[in-house]
Structures are given as C-alpha cells and as structure tokens.
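Architecture at a glance
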Amino acid sequence: MSETKILVYPHKGLRTVAAPVTEFDDALRQKVKDLFAMMYKDEGCGLAATQVGLSARIFVMDVSPQQDQPRCFINPEIISKVGESLSEEGCLSFPGVYAKVVRAKEITVRYFDEFGQSHTLVAEGLAAHCIQHEAEHLDGILYIDHLSKLKRMMLLKKIEKLQRAAS
Ligand code: ZN
C-alpha cells in the first residue's frame, strides 16, 4: 500500500460509504499502520480509510501537539452528542483550505481498536471535532457539506485556484 495516495476533492471515492471491518488480523493492523504513516507525513490530525480509497470503517487520529498520541478507531459509532462548538477545520483531501464548522462540543464514541477490543471514549474540544469529522468520512460525508451554500462556493473556488496553480 506504499503507493497509496490521499484522494483529493472532488475525487468520487470520497463519497464512498465504507464497509464495516469484520477481521481483526495482521492485514488490518498493516492498513492502520499505513494510515498513520500517511497522516503524519502530511501533518494531519486525522485520516479516514475512505480518503485513501479503502472501503473500511477505520480512521486514525492524533490531536496531541507533539503528534505522539496515535489513536485508531475501527467501526466507530458516536452514541451521544452534547452542546455546540464552532471550530476551524481542515482536511487532507482539501489541501490548503480551512473553514469553521459547528459540531457537538462533547461526544461519546464506541469503537474497536486494531486488536478487536471494544472501547468507549468521551471526547471534547479538538478531539471531538476530529472524531466527528473522520467518522463522517466513513459515510461519504465531507466537512464542506456543513457549510452554507455561499461559504462552500467560496471554498471550492479557492480550491480550484490552488489546484490550477499547482498543475
Ligand atoms: Zn477530512
């Protein structure tokens, strides 16, 4: 999977609804390792399997300032959401652009780790935003879907401009 690249908007693969993970084996753990490697290389704080063209309900995250607290979520399910918080988000599939998104302030997420152990985590702040953002990727939902029509148009124009300048 070393040749795998992060899909960039408007790649259709980003709209894939990912399939649940059923085998917690070495192949899965390798995929998780690859996701972490790609996320750290591009200095992101989260990366979902659908962003690399893999239809599997897996995402990785590290919101620590030193990027030394890797966390992997398999078959995640957000079981409660409390409050509201506005925070600026970016996405490795939208390089160079950011937008403020309203999400729940505190969430509870149930998930499995790469060994098949079940966990429940309560998260707030940046971690809560990141988990909601990444979990949505697994359903083919992108953070631009949360923006107003006007803001989304402006952001997409900026992306087009950046992509033209890069090509
Ligand atoms: Zn993203």
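Up top you'll find the structure we're talking about.
Residues numbered from 1 in each chain as written. Predicted model: local features only at pLDDT ≥ 70, side-chain atom pairs only at ≥ 80, totals over all residues. Heavy atoms only, no water.

We now examine the overall build of the protein. Check the secondary structure of the protein and you find three helices and seven strands. Its C-alpha atoms give the protein a radius of gyration of 15 Å, within 12% of the compact-globule value 15 Å for 167 residues. Dimensions of the protein, computed from C-alpha atoms along their principal axes, come out at roughly 45 × 40 × 30 Å. Put simply, the protein has 167 residues, and 44% of those count as buried. When the accessible surface of the protein is split by element, carbon and sulfur atoms take 52% of a total near 9500 Å². Looking at charge distribution, the protein has the averaged site of its 21 positive side-chain charges lying 9 Å from that of its 22 negative ones. (Helix = DSSP H or I, 4+ residues; strand = E, 2+ residues; numbered from the N terminus. Rg over C-alpha atoms; globule rule 2.2 N^0.38 Å. Buried < 20%, exposed > 50% of the residue type's maximum accessible area, 1.4 Å probe, protein only. Areas by Shrake-Rupley, 256 points an atom, 1.4 Å probe, with all protein chains shown as cover. Lys, Arg positive; Asp, Glu negative; His and termini not counted. Charge placed at Lys NZ, Arg CZ, Asp CG, Glu CD.)

Next up on the list: the pairing of strand S6 (residues 106-112). Alignment of strand S3 (residues 71-82) against S6, held across six bridges, turns out to be antiparallel. In the strand pairing of S6, Ser80 is matched with Thr108. Here seven bridges tie S6 to strand S7 (residues 118-124), and the two strands are oriented antiparallel to one another. Each residue of the ladder has a partner; that of Tyr111, found in S7, is His119. (Pairing = 2+ DSSP bridges.)

With that settled, the discussion passes to the pattern of salt bridges. Taken as a whole and assessed by the stated rule, the structure comprises five salt bridges. Between Asp145 and Arg15 there is a salt bridge; the shortest N-O distance is 2.7 Å. Of this pair, Asp145 sits in the loop between helix H2 (125-137) and helix H3 (149-166) while Arg15 sits in the segment before helix H1 (26-41); the two residues are 130 residues apart in sequence, bridging distant segments of the chain. In this structure, a network of salt bridges that share partners links the residues Glu89, Arg103 and Glu136. (Salt bridge = Lys/Arg side-chain N within 4 Å of Asp/Glu carboxyl O.)

For the rest of this paragraph, the subject is the coordination of the zinc ion. Those protein atoms acting as donors to the zinc ion are Cys91 (SG), His133 (NE2) and His137 (NE2), and they sit at 2.0 to 2.2 Å. In primary sequence terms, the donor set of the zinc ion follows C-x41-H-x3-H. Separated by four residues within a single helix, His133 and His137 lie in helix H2, roughly one turn from each other. Both residues of the pair, His133 and His137, belong to the buried class. (Donors = N, O, S within 2.8 Å, 3.2 Å for Na, K, Ca; no water.)

Moving on: a nonpolar patch on the surface. A cluster of nonpolar side chains, contributed by Leu150, Met153 and Met154, occupies part of the molecular surface with about 340 Å² of accessible area. Relative to the elements of secondary structure, Met154 occurs in helix H3. (Patch = residues over 30% accessible without salt bridge, like charges linked within 9 Å, V, L, I, M, F, W, Y side chains within 5 Å.)

Now for the environment of Arg71. Locating Arg71 in the fold gives a position in strand S3. Sequence separation between Arg71 and Gly46 is 25 residues, and the spatial gap between their C-alpha atoms is 9.3 Å.

Right, let's get into the environment of Tyr9. Structurally, Tyr9 is set in the segment before H1. Along the primary structure Tyr9 and Leu156 are separated by 147 residues, whereas in three dimensions their C-alpha atoms are 9.3 Å apart. Apart from the residues lying within four places of it in its own chain, the contact partners of Tyr9 are Leu14, Ser93, Phe94, Leu142, Ile144, Leu156 and Gln163. (Contact = heavy atoms within 4.5 Å.)

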